[in-house]
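Results of the structural survey
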Amino acid sequence: MSRKRHRLVPDTFGLKRRREPRQAEADPLRGESGSARAAVAELVQLFPRGLFEDALPPIALRSQVYSLVPDRTAADRQLVRGVGATDGSRFPASTPSLRHPGGRPAALPFSRRQKELQEQGEIRIIQLGFDLDAHGIIFTEDYKTRVLKACDGRPYAGAVQKFLASVLPACGDLSFQQDQMTQTFGFRDTEITQLVNAGVLTVRDAGSWWLAVPGAGRFIKYFVKGRQAVLGMVRKAKYRELLLSELLGRRAPAAVRLGLTYHVHDLIGAQLVDCVSTTSGTLLRLPET
């Protein structure tokens, strides 16, 4: 009996040939357990601390979390809870999955909810400023450690320490009002000015300030340029689409200072590219306009 004939026999008689077990490829777009906290922990590991001399706390973006937890409703439930954020942003209602066949889902109303993890004191959310939807997520202990280090020995160190001890544990908002700062927490106008000088607060409008990270301006600059550069890599590809594995295997352009993987998570979660499952792997495609 020929070798070819021998191979056909098991199929002819309905017998199944024993297959060698294959190790499933890890999907870089999915979290291990659908946990938003686990997603944030994974994403901050991608943050290039050395690029900023370890002066910044590792920052993950809310959009990046959605790339690892495609069920946006579940992600938002874990990151947000309750009522009362004062950032004034508005987001459309969410649909369950990043790859929902019916369209491109958006996020839950962020302004109507506070962070569940933030209520537990684990994370802080900051408004990054270059986009209304751009929110950074930072573990609270990392934030406090870097802020204290940045203000050590400075004239505003006392005001910063007071802020971290009194305001940060008690208030989970993205921004703070003047009456809140002066009447509730007992800050003088001069102390608020010191917090602005320290980079812990940035002016939102008259009598209102965003929570901020000292020295984050350089990160925002790198992030915006890197996002456009990675998006350009997909745009220049044939048919304006590129396999994820091929993209991650390429040499990053000089403008991509934060790493290709860091930016790809953002592009997917921010819905700047569509994800298409193929036999060759995940395909990233620019959405039709």
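In this report, we go over the structure that sits alongside the text. Values in this document were obtained by computation on a predicted structure and should not be read as measured data.

Focus: the pairing of strand 8 (residues 274–278)
- One ladder, built from 5 bridges, connects strand 8 with strand 9 (residues 281–285); its direction is antiparallel. From the neighbouring strand, Asp274 faces strand 9, where its bridge partner is Arg285.
- Between strand 8 and strand 9, which pair antiparallel in sequence order, lie 2 residues.

Some points on the sheet that holds strand 3 (residues 135–139)
- The 3 strands lie next to each other as 1-3-2, forming an open sheet whose pairing is antiparallel. Single-partner strands in this sheet number two, and they are strand 1 (60–61) and strand 2 (123–127).
- The sheet contact formed by strand 2 and strand 3 spans 5 bridges and is antiparallel. Looking across to strand 3, one finds that Ile123 is bridged to Phe139.
- Most of the contacts of helix 6 (residues 140–151) go to strand 3, to which it runs at about 85 degrees, and overall it touches strand 2 and strand 3.

Topic: the environment of Ala134
- Residue position: Ala134 is located in the loop between strand 2 and strand 3.
- The class of Ala134 is buried, set by a relative accessible area of 6%.
- In this structure the C-alpha to C-alpha distance between Ala134 and Ala270, which are 136 residues apart in sequence, comes to 9.2 Å.
- Leaving out residues up to four positions away in the same chain, Ala134 has contacts with Ile126, Gln127, Leu128 and Gly129.

Re the nonpolar core
- One finds Tyr143, Val160, Phe163, Met181 and Phe219 to be the most contacted residues of the largest nonpolar core, which totals 41 residues.
- The set of elements that each furnish at least two residues to this core consists of helix 6, helix 7 (157–170), helix 9 (189–198), strand 6 (208–211) and helix 10 (216–236).
- Ranked by residues supplied to this core, first place goes to helix 7 with 7 residues.
- Once you skip the residues sitting within four places of it in the chain, Val160 turns out to touch Val147, Cys151, Leu195, Ala198 and Val200.

Remarks on the pattern of salt bridges
- A complete count under the given rule lists 9 salt bridges for this structure.
- The partner of Lys144 in a salt bridge is Glu141, and the shortest N-O contact between them spans 3.9 Å. Of this pair, Lys144 and Glu141 are both found in helix 6, 3 residues apart, which corresponds to roughly one turn of the helix.
- We classify Lys144 as partly exposed; its relative accessible area is 27%.

Observations regarding the packing of aromatic side chains
- The full count for this structure, using the stated rule, is 9 aromatic pairs.
- A centroid spacing of 5.7 Å and a plane angle of 45 degrees characterise the contact between Phe47 and Phe219, whose relative ring orientation is tilted. You can see Phe47 sitting in the loop between helix 2 (36–44) and strand 1 and its partner Phe219 sitting in helix 10, a full 172 residues away along the chain. Phe219 matches Phe47 in its accessibility class, with the two residues each being buried.
- Arranged with centres 5.9 Å apart and planes meeting at 35 degrees, the rings of Phe52 and Tyr222 form a pair that is tilted. With a gap of 170 residues between them, Phe52 in the loop between helix 2 and strand 1 and Tyr222 in helix 10 connect regions that are remote in the sequence. The residues Phe52 and Tyr222 share a single accessibility class, namely buried.
- Positioned over the ring face of Tyr222 is Arg257, at 4.7 Å from the centre of the ring.

Rules behind the numbers
Residues numbered from 1 in each chain as written. Predicted model: local features only at pLDDT ≥ 70, side-chain atom pairs only at ≥ 80, totals over all residues. Heavy atoms only, no water. Pairing = 2+ DSSP bridges. Helix = DSSP H or I, 4+ residues; strand = E, 2+ residues; numbered from the N terminus. Contact = heavy atoms within 4.5 Å. Axes fitted to C-alpha atoms, helices over the stretch in contact; angles between N-to-C directions. Buried < 20%, exposed > 50% of the residue type's maximum accessible area, 1.4 Å probe, protein only. Core = buried A, V, L, I, M, F, W, Y, C linked by side-chain atoms within 4.5 Å. Salt bridge = Lys/Arg side-chain N within 4 Å of Asp/Glu carboxyl O. Phe/Tyr/Trp six-rings, centres within 6.5 Å; stacked < 30°, edge-to-face > 60°. Lys NZ or Arg CZ within 6 Å of the ring centre and 35° of its normal.

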